[in-house]
Structure formats: structure tokens, C-alpha cells
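Results of the structural survey
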Amino acid sequence: MKASGLVKKEFGAGAGRDELGRRDFCSNKATTMGGDFSETLAEKRALVDKRLDELLRPVAGCPSSLLEAMRYSVLAPGKRLRPVLVLMAAETAGGDEETALPAACAIEMVHVYSLIHDDLPAMDDDDLRRGQPSCHKKFGEALAILAGDALLTMAFQVLAEHYPATTAAHCCRELARAAGAAGMVGGQVDDLAWERRMEGTWPEDMAREQILDDIHLRKTGALFRACLRLGVWAAQGERHDGPDRDLLGLLDEFGRCFGLAFQIRDDLLDIDGSTGQTGKRVGKDAARGKLTYPVLWGRDESRRRAEALCQQAYSCLQPLGDSAKNLSRLVPYVLQRNS
Ligand code: IPE
Ligand code: IPE
Ligand code: MG
Ligand code: MG
Ligand code: MG
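Residues numbered from 1 in each chain as written. Chains lettered and ligands numbered in written order. Predicted model: local features only at pLDDT ≥ 70, side-chain atom pairs only at ≥ 80, totals over all residues.

Now for the overall build of the protein. If you tally the helices and strands in the protein, you get 15 helices and two strands. Burial status across the protein gives 47% buried among its 339 residues. In the protein, the share of contacts with a sequence separation of at least 24, taken over all contacts with a separation of at least 6, comes to 73%. (Helix = DSSP H or I, 4+ residues; strand = E, 2+ residues; numbered from the N terminus. Buried ≥ 20, exposed ≤ 12 C-beta atoms within 10 Å, placed from the backbone. Contact = placed C-beta atoms within 7 Å.)

Right, dumping it as C-alpha cells:
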């Protein structure tokens, strides 16, 4: 399938809401994402929501205010794209959803921690997230920082407690690498370093195009890659020789392309989207002097690059045939989403 064919029909403009009052990206009808697939997605998100709710229950020693802040941010109406990717990667690797669910929830916890911290005044200073006041606006900065800390930590606890030793160790290593200093956190540091024009961050001869990819691939791409990798580990981690290397390689590259395309669309939504649909403030990147795709390449070229990345993502799935059917059906969503 050609990438250009992916974007012929846009999703309907109205952002529906599901029974939880959540913006429902799956309910938007697109010819590329048929009704059956919308239902598949809704089912997977419901599974994730239920398990997240079960994982975030009172335990001795956890202050109720902390749990409240964690639940407020995690159970807010997010798209759950990362956990859905974990489930679909596991399915592609021959695993079942039940086994992959803890890994899916662990990734969502890391993602939500990153959103809470990203919104803090010291970072992007955003007062709205997922259609509601951001965590620090609702609970104050100190509790928001600590809720993020607790979610990050809990993600590793979930992995350690829900998988056999080999799988747990590899999942923890993969997630730590993706989320840590050379991954998501490193990307966030450089995103801010650019915004604040910090001298000496990059070699003088490094092109801005390269810097931009370098930031986006870490701040967003790294966690997307981890979704695919954890899905494979959850499904195949206890095999004698570990997961199928070829499969891991293909899905890793799929995640890289998918994640970068996702952040390009996020950049585009900041200039063309609406607060009503995205659930967050728009028009902030340029005001803050962020290095984004539209700033560097303009709208049309940014869209073209996102399409090319989606095409690359597709080609990673071709050798996998029917087992990757759901992953391939998810690709058009990256280009078409409005929320
Ligand atoms: C927002 O991610 C942060 C980025 C990496 C762009 P999402 O757009 O997936 O946010 P939620 O989870 O749906 O709220
Ligand atoms: C956020 O990127 C990336 C992480 C949270 C790691 P953005 O700053 O572009 O995300 P939004 O636009 O606030 O959701
Ligand atoms: Mg940011
Ligand atoms: Mg932000
Ligand atoms: Mg953004």
C-alpha cells in the first residue's frame, strides 16, 4: 500500500467521546480504519484501562493524596496508543494479550510520568492535559513531581512482579534504556536546551535537521520503540534463545519510524489542531522557540516526511504477513489523528 493512499480520507472533524467521556480517536470513521478495527482498538483500550485501574489501588504506606494524583493523570482520557502497540507487537510475536498487559501498563505509566513532568512550569509550563487541568495545576508542583516519580518507579515494579525472571530482567533493561538518560529523558533535556539556546549542546557543524531528528527520536521515538520490543519480550522472553532476532529487528525499526511520524504529527497539531480535540493547549511550540518539524520544514514537507516514515514502517511489516495485520492497520492513524 502506498503511503499517499493512507491520507486520502481524513477522519471526520468531530472528535467523539466514549462512555468515559474520553476523546475517542477510534470512533472517527475513516475508510482506512474500518468499523471492525475501531472495535478492536476500543476493546484493547478497555483492557488497558481496566488493568491500569486495578494496578493503581491503595497499598499500605502510599499516601491517599499521592494515589489520587497518580490515578487522576493515568486514568484521564489518553489515547493509550503505546499500550495498544505493546499488545499488537505481542500478538505479532505469537503471544496473547493477557501476558502482554502488564508490559503495556508499565509503558503507559512511564508515558504518563513523562507528561506530568513535561507540563511542569520548569519544562513546557502547560496547564491543560488530556482535557483537564494538568497534574501540577490540580495537586501542586510537589505532589505532581512525586506522582511522576512514583509512576516511573511503579512501572518497573509491575514488570518485575508480573513476568518470569528472564523476561522481567530484559523488559526492565529495555524500558530503562528507552526512558532514561540516553533515551526519553536525554531527548527532553535537549528539547529544552534548544529552546533555551544553550551553547555547546551540539557540535557547531551539526545541521539543524540532524539535531531535530536526534531530539525527536529520543524524546518520543525511544518509548515507541520500547513498546514494540517489550511486546516481543513479553511474548517470547522465556524461549531458550530469547526472542526471534529478525522479528525484534523489524519491529524495532517499525517503532522508530512510527514514533518519529507520531511526533511530527504532534508538532503539526500544535500549529493546526485545536484545544478541543487535542485536550491540550496549541500554538505553544513556536511561542517557546521549540525546534519542531513545521518550524524547520514547513507544513507540507513535514506531512510528506511523516508519510514517508509511515511507508517505511509498513515495509518493516511486509515480511511478517498476517501476524502484523493489526499493526499495519494502525499506521494510517498516525497521519490522520486530530487528537
Ligand atoms: C503526547 O502523547 C506526548 C508526546 C510524546 C507527543 P500522546 O499524544 O500519546 O498523549 P495521550 O497519551 O493520548 O494523552
Ligand atoms: C513531549 O513532547 C515528550 C514527552 C513527554 C517525553 P511534547 O512536549 O511535544 O508533548 P506535548 O505536546 O506537550 O503533549
Ligand atoms: Mg515537551
Ligand atoms: Mg509539552
Ligand atoms: Mg507537542
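This next bit is on the site of ligand 2. Around ligand 2, the structure places Ser 114, Leu 115, Asp 118, Asp 124, Asp 126, Met 184, Gln 188, Lys 219, Thr 220, Asp 266 and Lys 280. Among the secondary structure elements, those contributing two or more residues to the shell around ligand 2 are helix H5 (97–118), helix H9 (184–195) and helix H10 (208–236). Among the elements that take part in the shell around ligand 2, H5 stands out by supplying three residues, more than any other. By residue class, the composition of the shell around ligand 2 is two nonpolar, three polar and six charged. (Near = placed C-beta within 6 Å. Nonpolar A, V, L, I, M, F, W, Y, C, P; charged D, E, K, R; others polar.)

Where helix H4 (residues 81–92) meets H10, the axes come as close as 7 Å, and the angle between the chain directions of the two elements is 40°. Helix-helix and strand crossings are classified by hand; for H4 and H10 the assignment is right-handed. Contact residues: H4 offers Arg 82, Leu 85, Val 86, Leu 87, Met 88, Ala 89 and Ala 90, while H10 offers Leu 223, Phe 224, Cys 227, Leu 228, Leu 230, Gly 231, Val 232, Ala 234 and Ala 235. Split into classes, the residues belonging to the contact of H4 with H10 amount to 14 nonpolar, one polar and one charged. (Axes fitted to C-alpha atoms, helices over the stretch in contact; angles between N-to-C directions. Left-handed = near helix turned anticlockwise from the far one by under 90°.)

Now for the nonpolar core. Core analysis: the largest hydrophobic core is formed by 89 residues, its most contacted members being Val 86 and Leu 151. Among all residues touching Val 86, those that are not within four sequence positions of it are Ala 100, Ala 103, Ala 104, Ile 107, Cys 227, Leu 230 and Gly 231. (Core = buried A, V, L, I, M, F, W, Y, C linked by C-beta atoms within 7 Å.)

With 29 residues, H10 should reach 42 Å at 1.5 Å per residue; the first-to-last C-alpha distance of 40 Å fits that figure. For H10, the principal kink sits at Gly 221 and spans about 50°. Buried residues dominate H10, accounting for 21 of its 29 residues. (Expected span 1.5 Å × (residues − 1). Bend = angle between axes of the 7 residues up to and from the residue.)

In the contact formed by H4 and H5, the axes pass within 8 Å of each other and the chain directions differ by 150°. One way to sum up the angle between H4 and H5 is to call them roughly antiparallel. Crossing hand, H4 versus H5: right-handed. Where H4 abuts H5, its residues Arg 82, Pro 83, Val 86, Leu 87 and Ala 90 lie against Glu 97, Thr 99, Ala 100, Ala 103, Ala 104, Cys 105, Ile 107, Glu 108 and His 111. In terms of residue class, the contact of H4 with H5 is made up of nine nonpolar, two polar and three charged. (Parallel < 35°, antiparallel > 145°, perpendicular 65-115°, else oblique.)

To continue, consider the environment of Glu 68. Mapped onto the elements of the fold, Glu 68 is located in helix H3 (residues 64–74). Between the C-alpha atom of Glu 68 and that of Ala 147, which follows or precedes it by 79 residues, the distance is 8.9 Å.

The subject of this paragraph is the environment of Val 110. Among the secondary structure elements, Val 110 is positioned in helix H5. You can call Val 110 buried: it has 24 C-beta atoms within 10 Å. Counting along the chain gives 42 residues from Val 110 to Leu 152, while the straight-line C-alpha distance between them is 5.1 Å. Once residues lying within four places of it in the same chain are set aside, the contact partners of Val 110 are Leu 152, Ala 155, Leu 175, Ala 179 and Leu 223.

Turning next to the environment of Leu 55. Tracing the sequence through the fold places Leu 55 in helix H2 (residues 35–55). A count of 21 C-beta atoms within 10 Å places Leu 55 in the buried class. Here the alpha-carbon distance between Leu 55 and Met 154, two residues 99 residues apart in the chain, equals 9.2 Å. Beyond its immediate chain neighbours, meaning those up to four positions away, Leu 55 contacts Cys 105 and Val 158.

Any functional reading would require information that these geometric values do not contain.
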